[in-house]
Amino acid sequence: MAEIHLQATAHSYIANPKEPADYALKSLDHVWEDGGAYALLGPSGCGKTTLLNIISGLLTPSEGRVLFGDTDVTHRDTADRNIAQVFQFPVIYDTMTVRQNLEFPLRNRGMTAADIKARVDEIAEMLDLTDRLDDRAANLSADAKQIISLGRGLVRSDVNAILFDEPLTVIDPHKKWQLRSKLKALHRQFGFTMVYVTHDQTEALTFADKVVVMFGGEVVQIGTPEELFERPAHTFVGYFIGSPGMNFLPASVDGTTATVSGQQISLGAHYGALGNDQVEIGIRPEFLKLSEGDSATIQSIEDLGRHKIAKISFQGHSLSALVPEHQSITPGPSGLIFEPERTLVYQNSHLVTGVK
Amino acid sequence: MRGANWVAFEVKNITLTVGGEAYLSAVDACFTPGGFNVLLGPTLSGKTSLLRVLAGLDAPTSGQIVMDGPNQSKVDLTGVAVKKRSIGFVYQQFINYPSMSVFDNIASPLRVMKTPKADIHARVEKIADLLAIGPMLKRKPLELSGGQQQRVALARALVREADLVLLDEPLANLDYKLREELRAELPKLFNQTGSTVVYATTEPEEALLLGGTITLLHEGRTVQAGPTLEVYRTPNSLQSARTFSDPPLNSAPAVCSGGTVQIAGGPTYKDTLGLPDGAYQIGFRAHQLHVKKPSRNALDVSACVAITEITGSESFIHVDLLGQRWTALVHGIHPYSEGDQVTLYLDPADFMVFRQDGSAL
Amino acid sequence: MMQKKLNQKAWFLVLPVFLLVAFSAVLPLMTVVNYSVQDSFGNNEFYWVGAEWFEEILNSSRFHDALGRQLLFSGIILAIEVPLGIWIALSMPKKGWGASLCLVLMALPLLIPWNVVGTIWQIFARADIGLLGHTLAAMGIDYNYTQNATAAWVTVIIMDVWHWTSLVVLLCYAGLSSIPDAFYQAAKIDGASRWAVFRFIQFPKMQRVLLIAVLLRFMDSFMIYTEPFVVTGGGPGNSTTFLSIDLVKMAIGQFDLGPAAAFSLIYFLIVLLLSWVFYTVMTARDAEAGQ
């Protein structure tokens, strides 16, 4: 096992990329710590699968290097990297039994029969597959097949990392969280580095210690679930994480005050002069409070039972605010309080850090 | 113009048995125009079967489908062929004609109805604008994103202004952000038509967002029907509360004696409902299990965390306690790990109390 | 009650098909059956002979020889075309213009009418003026398909391989194209050898189309008539007289309608039986998988 280093790694599917838009993955420096649980999160086409394939060696990056520990593996193919991967659709060898499927990677590496049996039995035990070892793999349900494809990775003790490419796509919804908790438990047990690609925020945040959010071929934030929620580094993260997403308002910021169409909002930190270039303030619906007053208008209310979502018009901008279950509200004029500590400032979509 | 006549549909005592297996057992439901009629139930609860019966794709084994006719009469639809009914159907999969342009896709039902050409243009463009796919009319469906493809399918169902529009989990295959957007748009869209809209979903949250009226289905039977929020707040049975809860309903057996309720293996509280002595089931929803003490009367319990799921702005903490698996849905990020011991709070004021047979008090 | 009614209605819908099949298949077949159990001396006079023709055919060494040649021919054809077809399909490019080009090239032989194929090869292989035949002769190889039985066999087999391997290729290629990339990637990750990829991924996924390919090739080669008839006319001697050629000789050359009818029926039953055997053997694996 080893740390995985990406050094100025970038990839373009076009032969001679010129503009940034030509890159499916923009230049990235990152160290994947040994034993970490990472998620690559983003909408389709954001470059997350490209990044995953670069790590696994299915794709050679057009720029930069990939290192496993001290070894440069940029031009090595998958089989040499000791990587395991679980794909979107379960990949199993139809004609084999469950046991033969699990044995397959070990046989290919020339392990002795006794060692193979011991290792397969051990892994099957952990994956609850012991009773099914002699069943034909083709006849199992989708979730069992995914477990087997994971098992084929786990049997190899030499694995540097296990990669998951949207592994729960074809899994029955009510089985998803069982599988998710299983993955988490296995991570704890084995300590393998795991990288999990998904467009589903719940999957990503539940699985990972560190979430890598990608957007338009770029890594926009790497952080813990708390960091993504509390201090999104990019407006996309604010929008994508959380339901409803973060509210953004064009504003001018000076010192500790933001001005939105003449209305002043105080901020929790001091910002220098930011100029007028694409400055926005962002606040999560959870931190927007309704009060007495008439600076805003409640336009509609969605009652979700456990809380309500008020759709608010404020200085011509629409915002969402989360209202507790028992607070009664009606459409019409209302006051609006921006919690200063929770009101963040963005310039050109990136978070600006103020001075406390 | 035909269609979109503000007509209500009613199914009476519908049973559907295929090969000895009962898909629907004596289902009664009424679907009215102007607002959503939500069918909520887990997978295999009979939602799709009911939609297919309504569409005329399957003939019910017994029972009747009735729609409003002229002068307050009722028309029996039961044996009427699919093509003679005025129906739009949207499926979970994005089903469009791959070789036709988006325009032709949307226009296809109008062409079948032999609508004049000028009319077709006007109506297709209007509905396309409403669904924000106006600029894509010349493209082929497969060149569009999943959300746009499903909008095309929606437009095709809407454009003919059918009396009855049936939607079978239309958002299930979309990314959650797209789902969020379309969910907010759909009620606005359908309020502008006079069609009766029946929307099948497995997600309680989606049902709440869509509002309107709801019919809860479980194993091919109607559990409860009524205005959506009312059914959510006042379930008529334990089954109703379970069907309408995601994460699953937290429940536990309890015994009341002399005005004190004892939760099996757990805390006690003073009864305020005037319960006669006896055994009960209490139930409350995941968001009513708290990590911070919500009120003075709240009871506290100690639990062992099985797993925490984090949605981004909320956390689902699955815990084991009192021999039950409960789930707490709390705001913010709470990354408890498996095996952590936590203290959770529950307020008796939130409890729904059910009799031993599952009926509500 | 209602369902019963529906069922009866359905029978009416099938009626046209029944009539069509009756006219196109059953009636001609019955005519043949009729001939096979009677003898005629012209003037439309028929005599009942029972199973006499069948016994005669089944005991005739002429039939045995033709059947032996036929089985050998089909066996050789399958043994060459199936592995060769799989191999070509595996080596074809998966995408791009190369794939389209290969598909067109592969489809070409299939588009040529059978008698034209025969004519082409008849000329191509002639020792005096044919490119192939002349070249071989010039190299000092004793090759003349009109005189040498082995040369005639080789010619007929090469011709059939040239004509029909494409069918196997196209079917296998279709089967291969349905395998998602993830399978190949997973195999790479599992460290599988090229052979293991074929054995455990490509072959299992091709099995269904391969069944169709084998059945089609078996039935077609077992009933082959036009090409050898054009090229060798069944010769030299009887060396390439396959069942169908023999049958036509008997029926039209000698006008022995009774024995020819019995021959036809026996021929038909053999094709049916062998096809069934192939089908059962090749689907046995699937059935096992289904348990």
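Bear in mind the structure is a predicted one, so any value in this text is a computation, not a measurement.

Colleague: Honestly, the packing of helix α8 (residues 181-189) of chain C against helix α9 (residues 194-222) of chain C in this entry has me stumped. Any pointers?
Modeller: The angle between the axes and the distance between the axes are what describe a pair of packed helices. Residue and element names in this part refer to chain C. Between α8 and α9, the shortest axis-to-axis distance is 11 Å and the interhelical angle comes to 165°. With respect to α9, the axis of α8 lies roughly antiparallel. Classified by chirality, the crossing of α9 by α8 is right-handed. Along the contact surface, α8 presents F183, Y184 and A187, while α9 presents V197, I201, Q202 and K205.

Colleague: Just checking my understanding: could you explain the domain arrangement of chain A for this structure?
Modeller: A common way to report how large an interface is uses the accessible area buried once the components associate. Residues and elements named next belong to chain A. Per the domain assignment, the segments making up chain A are domain 1 (36-64 + 76-237) and domain 2 (243-352). Each of domain 1 and domain 2 has a C-alpha centre, and these two points are 39 Å apart. With nine residues of domain 1 at the interface, the matching set in domain 2 holds 12 residues. Of the roughly 1000 Å² buried where domain 1 meets domain 2, counting both sides, 56% is carbon and sulfur surface. For domain 1, the biggest contributors to the area lost against domain 2 are F229, P232 and T235; these three give 51% of the whole. At the boundary of domain 1 with domain 2, the tally comes to zero salt bridges.

Colleague: I keep staring at the interface of chain A and chain C and nothing clicks. Help me out?
Modeller: Taken together, the contacts link 22 residues of chain A with 20 residues of chain C. In this assembly, chain A packs against chain C so that about 1800 Å² is buried in total across both faces, 60% of it on carbon and sulfur atoms. If you sort the residues of chain A by the area they bury against chain C, F87, Y93 and T95 of chain A come out on top, with a joint share of 26%. Remark: the boundary between chain A and chain C carries two salt bridges. Of the charged contacts in the structure, one is a salt bridge between R152 of chain A and D190 of chain C, with a shortest N-O distance of 2.8 Å.

Colleague: Just to check I follow, could you spell out the sheet that holds strand β19 (residues 344-347) of chain A for this structure?
Modeller: All names here are of chain A. Strands sit in the order β11-β14-β19-β20 across an open sheet of four strands; the sheet is antiparallel. Each edge of the open sheet carries a strand with a single partner, namely β11 (247-250) and β20 (350-352). Taken over all neighbouring pairs, the strand axes of this sheet differ in orientation by 40° on average, direction set aside. Two strands pair when backbone bridges link them, and β19 and β20 are joined in this way by three bridges, in the antiparallel orientation. Bridging across to β20, V345 finds its partner in V352.

Colleague: Mind showing me how you'd approach the pairing of strand β2 (residues 21-31) of chain B here?
Modeller: Consecutive side chains of a regular strand alternate in pointing toward one face of the sheet and then the other. Residues and elements named next belong to chain B. Two elements, strand β1 (residues 9-18) and β2, share seven bridges in a ladder whose sense is antiparallel. For V18, the partnering residue across the bridge sits in β2 and is E21. Between the antiparallel neighbours β1 and β2 lie two residues, among them G19 with a positive phi of about 55°.

Colleague: What exactly am I supposed to notice about empty space enclosed by the protein here?
Modeller: Applying the stated criterion to the full structure yields five cavities of 30 Å³ or more. In this structure, the largest cavity encloses a volume near 140 Å³. In this structure, the largest cavity is lined by 14 residues; those nearest its centre are R306 of chain A together with Y232, D246, P247 and R285 of chain B. When residues of the lining of the largest cavity are assigned to their parent elements, the largest contribution, three residues, is made by helix α6 (residues 204-210) of chain B. The calculated volume of the second largest cavity comes to roughly 70 Å³.

Colleague: Hey, could you run me through the layout of surface pockets in this one?
Modeller: The method is simple in principle: a probe with the dimensions of a water molecule rolls over the atoms, and the space it marks as empty is what remains. Taken as a whole, the second largest pocket holds about 960 Å³ of empty space. Lining of the second largest pocket is provided by 35 residues; of these, P324 of chain A together with H290, K292, V330 and H331 of chain B occupy positions nearest its centre. Elements supplying a minimum of two residues to the lining of the second largest pocket: α8 (225-230), β15 (288-303) and β17 (317-324) of chain A together with β15 (289-290) and β18 (324-331) of chain B. It is β17 of chain A that contributes the most residues to the lining of the second largest pocket, four residues altogether. Considering only residue class, the lining of the second largest pocket consists of 14 nonpolar, nine polar and 12 charged.

Colleague: Would you explain the arrangement of the chains in this entry?
Modeller: Between chains A and B lies the most contact-rich interface of the two pairs of chains that touch. Chain C makes no contact with chain B, the minimum C-alpha separation between the two being 10 Å.

What counts and how
Residues numbered from 1 in each chain as written. Chains lettered and ligands numbered in written order. Predicted model: local features only at pLDDT ≥ 70, side-chain atom pairs only at ≥ 80, totals over all residues. Heavy atoms only, no water. Axes fitted to C-alpha atoms, helices over the stretch in contact; angles between N-to-C directions. Helix = DSSP H or I, 4+ residues; strand = E, 2+ residues; numbered from the N terminus. Parallel < 35°, antiparallel > 145°, perpendicular 65-115°, else oblique. Left-handed = near helix turned anticlockwise from the far one by under 90°. Contact = heavy atoms within 4.5 Å. Domains from an automatic or database assignment. Buried area = accessible area lost by both parts, 1.4 Å probe. Salt bridge = Lys/Arg side-chain N within 4 Å of Asp/Glu carboxyl O. Pairing = 2+ DSSP bridges. 1 Å grid on protein atoms, 1.4 Å probe; cavity = no way out; pocket = protein on both sides within 12 Å on 5 of 7 lines; lining within 4 Å. Points joined across faces, edges and corners; volume = space filled by probe spheres on them. Nonpolar A, V, L, I, M, F, W, Y, C, P; charged D, E, K, R; others polar.

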